[in-house]
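Chain by chain, the residues:
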Amino acid sequence: MTEAVTLLRPWWLLALPVLGLLAWRAAHRSAPLGDWVRAVEPHLMAALAARGAVRPGRRGGQVLLVLAGALLALGLAGPALERRDVAGFRNLDATILCLDLSRSVAEGGRLGEMRVLAQALAEAAGTRSVALVAYAGDAYLAATPTTDRDSLGTILFALDGATVPDRGSHPARALALARRTLAEGAVVTGDVVLVSDGGGLDDAAAREAAALAADGHRVHTVLVTDPALPPEAPRPDGAGMARLATTGGGSAGSLDAPAPVLAAISETVARHLAEGGYAVLAWRDLGRWLAGLALLPVLMLFRRSA
């Protein structure tokens, strides 16, 4: 089980150095009576001590308070174990691949490499379901969300320039279809990967990416470039693809360097759910029990003494 242990709220560990400083101060404090020696005149303090009315405080109480604070800080940091059944929550996490099959991409020399990358992305998704959207002038759901990688591979390698009859390039329609597919599947947090040369990117595509991010999903982009393009052909829009990934809260890569996107897709379901704000579905928080242990040193402060 990978990444089986994590801290859900690690910033609470910053309290430990402060508690350590308090513990050091308590250990090196020279006056057991605290500030009473400055508040009471020396001859009165001596008279009270002679009558047995002065009892120095126990320094152990300060140590117990520091110990209780340390346990509480560790508990609030949220040590957690990954739930064993999290991989079975397949409807919580899904991946949708949006492949650009417009003429500028499909008639280039890298369609085969696009198919191979799409298959690699599907494999990187692990046990999660993967859907396939093919688009050009319009967008179509070529494969509904499935965990059958063999059937998905068959569909992938059947795609070509004639798959989508509509001319043009409208990635906004592909992203809208991906968002609708995630909503219909009640997917809590998903990944959408746009594989394209950046043709047709506009404000509508940016709005769809922002809407996906607002729904708890991530939009990644993979730029397709073709060195064999004639000089008069439109240039791939790498900057636009990077901006779209930023808007969608995802990673940007290219057909030649897809590592950032592959790494994002291959995250464990638990880690992805935690980033999406659904940590309780993926992790068993042990912090409450650790914070509860802080009551033991506090209870010892109330013990009776002769």
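Just above sits the structure.
Counting restarts for each chain: residues are numbered from 1 in the order of the written sequence. Per-residue local features are limited, in this predicted model, to residues with pLDDT of at least 70; the limit for side-chain atom pairs, both in listing and counting, is 80 or more; totals at the level of whole chains, interfaces and linings are taken over all residues. Only hydrogens and water are removed before side-chain values are computed, so all heavy atoms of the structure are retained for them.

1. Concerning the overall build of the protein chain
- A tally of helices and strands in the protein chain yields 15 helices and nine strands.
- A sequence separation of at least 24 residues applies to 82% of the contacts in the protein chain between residues at least 6 apart.
- On the protein chain, roughly 16,200 Å² of surface is accessible, and the fraction owed to carbon and sulfur atoms is 61%. Strands here are runs of E lasting at least two residues and helices are runs of H or I lasting at least four, both read from the DSSP assignment and numbered beginning at the N terminus. The criterion used for residue contact is that any of the two residues' heavy atoms lie within 4.5 Å. Only the protein chains shown count as cover for residues, and the accessible areas themselves come from Shrake-Rupley with a 1.4 Å probe.

2. Quick notes on the nonpolar core
- Counting residues in hydrophobic clusters, the biggest one holds 28 residues, and the most contacted among them are Leu 99, Met 114, Leu 132 and Val 193.
- Ranked by residues supplied to this core, first place goes to helix H6 (residues 111–124) with seven residues.
- Setting aside its immediate chain neighbours within four residues, Val 193 contacts Ile 96, Leu 97, Cys 98, Leu 121, His 220, Val 222, Val 261 and Ile 265.
- Formed by 23 residues, the second largest nonpolar core is a distinct cluster that contains Ala 172, Leu 175, Ala 205 and Met 241. Buried Ala, Val, Leu, Ile, Met, Phe, Trp, Tyr and Cys residues that are joined via side-chain atoms within 4.5 Å together make up what is termed a nonpolar core. Only protein chains enter the accessibility calculation, which uses a 1.4 Å probe. A residue is then buried if its area is under 20% of the maximum for its type, exposed if over 50%, and partly exposed in between.

3. Digging into the side chain of Ser 169
- Considering the arrangement of structural elements, one finds Ser 169 in the loop between helix H7 (149–156) and helix H8 (171–184).
- Under this definition, polar contacts are N or O atom pairs within 3.5 Å; protein pairs additionally need one hydrogen-donor-capable and one acceptor-capable atom, and for neighbouring residues in sequence, both atoms have to be side-chain atoms. A polar contact is formed between the side chain of Ser 169 and the backbone oxygen of Gly 199, at a distance of 2.9 Å.
- With residues up to four places along the chain from it excluded, the contact list for Ser 169 reads Asp 100, Ser 102, Tyr 135, Ala 136, Gly 137, Gly 199 and Gly 200.

4. Some points on the pattern of salt bridges
- We define a salt bridge as a contact between a side-chain nitrogen of Lys or Arg and a carboxyl oxygen of Asp or Glu at a distance within 4 Å. Tallying each qualifying case throughout the model produces six salt bridges.
- Put simply, Arg 179 and Glu 208 hold a salt bridge, and the shortest N to O gap is 3.2 Å. Taken together, the positions of Arg 179 in helix H8 and Glu 208 in helix H9 (residues 203–214) put the pair 29 residues apart, joining distant regions of the chain.
- A residue is classified by how much of its surface remains accessible, and Arg 179, at 29% relative accessible area, is partly exposed.
- The partner of Asp 215 in a salt bridge is Arg 179, and the shortest N-O contact between them spans 3.9 Å. Of this pair, Asp 215 sits in the loop between H9 and strand E7 (218–223) while Arg 179 sits in helix H8, and the two are 36 residues apart along the sequence.
- Ionic contacts of the salt-bridge type, sharing partners, join the residues Arg 110, Glu 113 and Asp 256 into one network.

5. Things to note about the sheet that holds strand E8 (residues 249–254)
- Ordered in space as E5-E4-E3-E6-E7-E8, the six strands form an open sheet in which the pairing is mixed. Of all the strands in the sheet, the pair left with one neighbour each is strand E5 (139–146) and E8. Strand-to-strand twist in this sheet, taken as the mean axis angle between neighbours without regard to direction, amounts to 15°.
- At least two DSSP bridges between two strands are required for those strands to pair. In this sheet, strand E4 (residues 129–135) lies alongside strand E3 (residues 93–100) in parallel orientation, the contact comprising seven bridges. Each bridged residue has a counterpart across the sheet, and for Asp 100 the counterpart in E4 is Tyr 135. Note on geometry: axes are C-alpha line fits, over the in-contact stretch for helices, and angles between N-to-C directions span 0 to 180 degrees.

6. Focus on the environment of Ser 151
- With respect to the element layout, Ser 151 can be found in helix H7.
- Overall, Ser 151 belongs to the partly exposed group, its relative accessible area being 30%.
- At 3.0 Å, the side chain of Ser 151 forms a polar contact with the backbone oxygen of Asp 148.

7. Thoughts on empty space enclosed by the protein
- With a 1 Å grid laid over protein atoms only, a set of points is called a cavity when a 1.4 Å probe fits there but cannot get out and a pocket when it is open yet has protein on both sides within 12 Å along at least five of seven lines; lining residues have an atom within 4 Å of a point. Grid points are joined across faces, edges and corners, and a volume is the space filled by probe spheres set on the points. Evaluated as defined, the whole model comprises two cavities of 30 Å³ or more.
- Space inside the largest cavity adds up to approximately 70 Å³.
- Lining of the largest cavity is provided by 12 residues; of these, Ser 104, Val 105, Val 224, Thr 225 and Asp 226 occupy positions nearest its centre.
- The class makeup of the residues in the lining of the largest cavity is five nonpolar, four polar and three charged. Charged residues are taken to be Asp, Glu, Lys and Arg, nonpolar residues to be Ala, Val, Leu, Ile, Met, Phe, Trp, Tyr, Cys and Pro, and polar residues to be all remaining types, Gly included.

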